[in-house]
Amino acid sequence: MLWLLLLQVLASCLWLGHSEVVTSFADCPQFFYEGAPPDAVLEPQNPAWICQRYSNAYQYATLYDRDRRIPVYSAYKYQPKSDKIHDPWWFVEPQLIDKSSLKDMERESVLIEQQEFTLDQIKQSQAVLEDYNQLIGLDRGHLSPSGHQDSRESKTATFTLTNIVPQDRSLNNGKWSVYEFKTMAIKSKGCTTTYVITGAVPGNNYVAQGRVNRPSHIWSAACCQKNTIRRTWAVIAENNKNEVQHLTLGELEARLSQLYRKGTVSLFHSDCPR
């Protein structure tokens, strides 16, 4: 029996070697300035590091909370193009399901009809479409928005349930939208590369019959690089009103440290000014 147990452990280790949901962002460091993701203070109890993969390429990175079924943050390069994706499919992450070898995000229907997964298997550690179908006063709030991406593939890849949170509708359609599409364009003007991390602070309330956490705050920070010059900016918003507070990067990190109460938060490499 002992040798059988050892074989099972070995097999599970070999299986994990094929996964894109791993224990770090080593496979997709390009979405973080100098390859440095935020420190461990933001990590939930049951995390998943997702190199968001679509059309056989990494599009951005997400730290996901399996228990609360929301992303902690998504990190990407700000490369906006005006092309829109019409009636996009919504995806889930196959590698959050046990024994999945599919590396690209996929639709629920495909996983059920073609890969023979059950809906209960998909629902175990991530949100599904039915969780967001009956929201009242809340939207599917993107952390990595499609409007900040530069290709059809990267825009499509933002429509995964591992990249969205239940966001206050007035905020999502109001001042948060102004920040995403107007303020970001102004602040990033002249930047060679702008690295963005957008996140959600877990709240005390849940939706979808207790399955999906409703964040208390939505926040975003950017580090702009132009040759040897670096600039930063940040915002935070309570997720129950249409207001956005503009902060320095250092102020946002201090605010998140207070909200998480787990230590000092650092979002970017030390080269990014606070």
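In the nomenclature of an unreviewed UniProt entry, the chain corresponds to ENDD1 protein from the organism Acrocephalus arundinaceus.

### Notes on the confidence of the model for the chain
Predicted confidence across the chain gives a mean pLDDT of 90, with 91% of residues reaching 70 or more. When the criterion is pLDDT under 50, residues 1–19 qualifies, and its contacts beyond four places in sequence or with other chains add up to 5 contacts.

### Quick look at the environment of Phe268
As for its position among the elements, Phe268 is in the segment after helix H8 (249–260). Residues Phe268 and Asp139 lie 129 residues apart in sequence; the distance between their C-alpha atoms is 28 Å. Sequence-distant contacts of Phe268, defined by excluding residues within four places in its chain, comprise Tyr33, Tyr195, Ile197, Ala221, Ala222, Cys223, Leu249, Glu253 and Arg274.

### A short note on the state of the cysteines
The term disulfide refers to a covalent linkage connecting the sulfur atoms of a pair of cysteines. Tallying each qualifying case throughout the model produces 3 disulfides. Through a disulfide, Cys223 is tied to Cys272; the S-S separation comes to 2.1 Å. Measuring the twist about the S-S bond at about -95°, one finds the Cys223-Cys272 disulfide to be left-handed. Taken together, the positions of Cys223 in strand S10 (residues 217–226) and Cys272 in the segment after H8 put the pair 49 residues apart, joining distant regions of the chain. With relative accessibility at 0%, the residue Cys272 sits in the buried group.

### Considerations on unusual backbone geometry
One non-glycine residue, Glu34, lies in the positive phi region at around 55°. For Glu34, the position within the fold is in the loop between strand S1 (21–22) and strand S2 (47–54). One non-glycine residue, Glu116, lies in positive phi territory at about 65°. With respect to the helices and strands, the residue Glu116 is situated in the loop between helix H2 (108–113) and helix H3 (119–123). Residue classification places Glu116 among the exposed positions, given a relative accessible area of 70%.

### With respect to the packing of aromatic side chains
Within the structure shown, the criterion is met by 6 aromatic pairs. Pairing Phe25 with Phe32 gives two aromatic rings, centres 5.0 Å apart and planes at 40°, and the pair type is tilted. Taken individually, Phe25 and Phe32 each receive the classification buried, so the pair is uniform in this respect. Between Trp90 and Phe159, the aromatic rings sit 5.2 Å apart at their centres with planes inclined by 75°, giving edge-to-face as the arrangement. With Trp90 in the loop between strand S4 (70–77) and H2 and Phe159 in the loop between helix H5 (152–156) and strand S6 (164–168), this pair connects stretches of sequence that are 69 residues apart. Just above the ring of Trp90 sits the side chain of Arg140; from NZ or CZ to the centre is 4.8 Å.

The rules we used
- Residues numbered from 1 in each chain as written.
- Predicted model: local features only at pLDDT ≥ 70, side-chain atom pairs only at ≥ 80, totals over all residues.
- Heavy atoms only, no water.
- pLDDT = per-residue confidence, 0-100.
- Contact = heavy atoms within 4.5 Å.
- Helix = DSSP H or I, 4+ residues; strand = E, 2+ residues; numbered from the N terminus.
- Disulfide = S-S within 2.5 Å.
- Buried < 20%, exposed > 50% of the residue type's maximum accessible area, 1.4 Å probe, protein only.
- Phe/Tyr/Trp six-rings, centres within 6.5 Å; stacked < 30°, edge-to-face > 60°.
- Lys NZ or Arg CZ within 6 Å of the ring centre and 35° of its normal.

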